[in-house]
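Fold and geometry: a report
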Amino acid sequence: MRRLFVAGNWKMNTTMASAQALASEVAAEVARSQPNVDVAVCPPFPYLIPVGISLANSPVMLGGQNAHYEKPGAFTGETSLEMLVDVGCRLVVIGHSERRQFFGETDELVNKKIHAAWQRGLDVIFCIGEVLQDREANRTESVLSTQLQGGLAGVEAAQLGKLVIAYEPVWAIGTGLTASPEQAEATHLFVRNWLATRFDRASADAMRIQYGGSVKADNAKELLSQPNVDGALVGGASLKSDQFLGIIRAAAELSAG
Ligand code: PGA
């Protein structure tokens, strides 16, 4: 069975004090309950170091929300993948819909970032998802195919162990609207079958596909119990320790069988 993976994307939120408090609460509860799931938090860049300190010796992984693909150099305002590694990140989120929507990230740019992240030894959470008009016009599968094709250009099956896909319907992000468990499952199955065609069945079956979009403690179990939903990428609810820990608990209960 694929190990469930719950990751918190804090986006442009928290203060240094609240970030550290949140990380400490998550680390303490994960240390106490030892859930049989992977857990990560992705704070804003300025708080990576203090949050890393709060997570010291914890299995909770530290991740970046984005990075530039270039080597360190003259790129004012950017953060390199080397820097993420240097401050203790194990993974990086790439291609989040907010990056695509507000910062013009294209599939081609996302693809460069994915390859660059692997070169630096980071794992990647690669986000894909359709906007509401696409879903309503029955274009979800073609949109996801284009994002997968472009984002994974030049990728080989042997590299997929360092990749997690996050399916995040854009209309469900931060809106309180969630894909129904059936919608999520059908879309995750489509993504897995796409991967099997592009790579091979065994690699596709081993890949973790997280769901993201208004996941909360009270809907996590239903979503995560779907056979092709292998975890959650959580925004708003990852900012409240009781909510985030509730999602981890739901995943742990499912993993315990
Ligand atoms: P949300 O965000 O949980 O607040 O909907 C999810 C995400 O953007 O990763």
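Report follows, based on the coordinates. Keep in mind it's a predicted model, so treat the numbers as computed, not measured.

What follows covers the side chain of Ser214. Its location among the elements puts Ser214 in the loop between β7 (208-212) and α10 (220-224). Using a relative accessible area of 10% as the deciding quantity, one classes Ser214 as buried. One polar contact links the side chain of Ser214 to the main-chain amide nitrogen of Gly176, over a distance of 2.9 Å.

Near the ligand you find 13 residues, and of these Lys11, His96, Glu168, Gly174 and Ser214 are the closest. With respect to the ligand, the side chain of Lys11 contributes an N or O atom lying 2.7 Å from an oxygen atom. Measuring from an oxygen atom of the ligand, one finds a backbone N or O atom of Gly236 at 2.8 Å. Protein contact buries 96% of the 280 Å² of open area that the ligand shows by itself.

With that settled, the discussion passes to the pattern of salt bridges. Counted under the stated rule, the structure contains 15 salt bridges. Asp123 is the partner of Lys162 in a salt bridge, and the nearest nitrogen-oxygen pair spans 2.8 Å. Of this pair, Lys162 sits in the loop between α7 (140-151) and β6 (163-167) while Asp123 sits in strand β5 (residues 123-128); the two residues are 39 residues apart in sequence, bridging distant segments of the chain. With a closest N to O distance of 2.9 Å, Lys221 and Glu253 form a salt bridge. Note that Lys221 is positioned in helix α10 and Glu253 in helix α11 (residues 241-255), a separation of 32 residues in sequence. The structure contains a network of salt bridges with shared partners spanning Arg2, Arg192 and Asp230.

Quick look at α11 now. Over its 15 residues, α11 extends 21 Å from the first C-alpha to the last, a length consistent with the 21 Å expected when each residue adds 1.5 Å. Those residues of α11 that sit buried are Ser241, Phe244, Leu245, Gly246, Ile247, Ile248, Ala250, Ala251 and Ala252. Tucked into the core, α11 has its buried residues touching β1 (5-9), α1 (16-33), β2 (38-42), α10 and β8 (231-234).

It is worth spelling out the nonpolar core at this point. Residues Phe126, Leu152, Ile165 and Leu195 are the most contacted members of the largest nonpolar core, which totals 69 residues. Apart from residues no more than four positions distant in its own chain, Ile165 is found in contact with Phe126, Ile128, Leu148, Val191, Leu195, Met207, Arg208, Ile209 and Gln210. The next biggest cluster of nonpolar side chains, apart from the first, holds 12 residues, and it includes Phe5, Cys42, Val164 and Leu233.

Cut-offs used in this document
Residues numbered from 1 in each chain as written. Predicted model: local features only at pLDDT ≥ 70, side-chain atom pairs only at ≥ 80, totals over all residues. Heavy atoms only, no water. Helix = DSSP H or I, 4+ residues; strand = E, 2+ residues; numbered from the N terminus. Buried < 20%, exposed > 50% of the residue type's maximum accessible area, 1.4 Å probe, protein only. Polar contact = N/O pair within 3.5 Å; in protein donor to acceptor, adjacent residues only side chain to side chain. Near = heavy atom within 4 Å. Areas by Shrake-Rupley, 256 points an atom, 1.4 Å probe, with all protein chains shown as cover. Salt bridge = Lys/Arg side-chain N within 4 Å of Asp/Glu carboxyl O. Expected span 1.5 Å × (residues − 1). Contact = heavy atoms within 4.5 Å. Core = buried A, V, L, I, M, F, W, Y, C linked by side-chain atoms within 4.5 Å.

By themselves these figures say nothing about function.
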